[in-house]
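Examining the three-dimensional arrangement
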Amino acid sequence: PQLWVGEHLSVPCRVDPSTLLIENNDIFVYQLPQAGADAELRFTFAARPLCAIAALPLPGDIKRALDAINVLGILGIESSNTPSVKVQKICDYCRGFSELSLPPEVAFKSQYSSQLAAVDPSHRSAFMLFLRMFVSQAGVCRHRSQVATVLCHYVGVPALYVTNDLHAFIEV
């Protein structure tokens with residue numbers, strides 16, 4: 001069934017105390033009955049609104065550093081492209097990732113020293129990780145999804161990084 005924020009879904013169940021598992025995440029809040037009781041397991045859909053998460057602007061220093069690296073040129077994005085074309089180019093680039101290990105940070109520190117110096121110290125570590133993933137196109141779904149999310153925000157397209165137990169992806 002489709003649930004909206006704050007709506008509930010109840011499922012009849014009998015709780016076995018040997019397998020009692022309590023979980024809590026941003027999507028559902030579980031209310032468990034007492035062990036051994038015939039009752040209902042109640043799920044409350046508690047996700048935050050996507051727009052509040054997805055529309056966060058990139059800090060100015062990060063945008064300037066991405067400009068200096070010529071990210072738009074690397075992606076083949078032009079200012080006249082529609083948002084859907086921009087997203088398609090970002091996805092095409094991120095689909096080119098290989099499941100290799102990230103190259104050492106030291107190789108990037110010298111090559112991109114001027115861009116790193118322009119980034120606020122509180123953002124520098126995260127920017128260095130992004131840079132290593134973006135330039136090397138190395139990593140698995142969680143890496144390329146993080147890169148794609150940042151790139152979407154950079155080109156002005158709201159995006160949300162989404163994970164589950166098996167996969168990571170973006171929602172635009």
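Residues numbered from 1 in each chain as written. Predicted model: local features only at pLDDT ≥ 70, side-chain atom pairs only at ≥ 80, totals over all residues. Heavy atoms only, no water.

If you want to describe how two helices pack, look at the angle between their axes and the distance between the axes. Axis separation between helix H2 (residues 60–69) and helix H7 (residues 121–136) bottoms out at 11 Å; the angle between their running directions is 35°. Between H2 and H7 lies a crossing of right-handed hand. Residues Asp61, Ile62, Ala65, Leu66 and Ile69 of H2 form the contact with H7, whose participating residues are His123, Phe127, Phe130 and Leu131. For the contact of H2 with H7, the per-class residue count stands at seven nonpolar, one polar and one charged. (Axes fitted to C-alpha atoms, helices over the stretch in contact; angles between N-to-C directions. Helix = DSSP H or I, 4+ residues; strand = E, 2+ residues; numbered from the N terminus. Left-handed = near helix turned anticlockwise from the far one by under 90°. Contact = heavy atoms within 4.5 Å. Nonpolar A, V, L, I, M, F, W, Y, C, P; charged D, E, K, R; others polar.)

Of the two faces of strand S4 (residues 160–163), the one lined by Leu160 and Val162 is fully buried and the one lined by Tyr161 and Thr163 carries no buried residue. Between S4 and the antiparallel strand that follows it, strand S5 (residues 168–171), lie four residues. (Buried < 20%, exposed > 50% of the residue type's maximum accessible area, 1.4 Å probe, protein only. Pairing = 2+ DSSP bridges.)

Turning our eyes to something else, we now look at H2. For H2, the full list of buried residues reads Asp61, Ile62, Ala65, Leu66 and Ile69. All buried residues of H2 fall inside an arc of 135° around its axis, so they share one side. Of the exposed residues in H2, the ones pointing more than 90 degrees away from its buried face are Arg64 and Ala68. In this structure, the buried side of H2 is in contact with helix H3 (71–75), helix H6 (113–118), H7 and helix H8 (141–154). Remark: Asn70 follows H2 within two positions and exhibits a positive phi of approximately 65°. (Arc of directions from axis to C-beta.)

Backbone phi values are negative for most residues with the exception of glycine, while trans is the configuration of most peptide bonds. Although it is not a glycine, Asn70 sits at a positive phi angle of roughly 65°. Inspection of the secondary structure puts Asn70 in the loop between H2 and H3. Note on Asn70: relative accessible area 44%, which makes it partly exposed. Here the phi dihedral of Gln137 falls at roughly 50°; this positive angle occurs in a residue that is not glycine.

This part covers helix H4 (residues 83–95). Because each turn of an α-helix spans 3.6 residues, side chains separated by three or four positions end up pointing in the same direction. The end-to-end C-alpha distance of H4, which contains 13 residues, comes to 18 Å, matching closely the 18 Å that a straight helix rising 1.5 Å per residue would cover. Here the buried face of H4 lies against H3, H7 and H8. (Expected span 1.5 Å × (residues − 1).)

Before going further, it helps to spend a moment on the state of the cysteines. Within the structure shown, the criterion is met by zero disulfides. Its sulfur unpaired, Cys94 is 6.9 Å from the next cysteine sulfur, which belongs to Cys91. (Disulfide = S-S within 2.5 Å.)

Summarising the model, the protein chain shows a mean pLDDT of 75, and 67% of its residues fall at 70 or more. At the low end of the mean pLDDT range in the protein chain sits helix H1 (residues 50–54), at 34; at the high end sits H3, at 96. In the predicted structure, residues 1–33 sits below a pLDDT of 50 and forms 76 contacts with residues beyond four places in sequence or in another chain. Between residues 40–55, whose pLDDT stays under 50, and residues either more than four places distant or in other chains, the model counts 55 contacts. (pLDDT = per-residue confidence, 0-100.)

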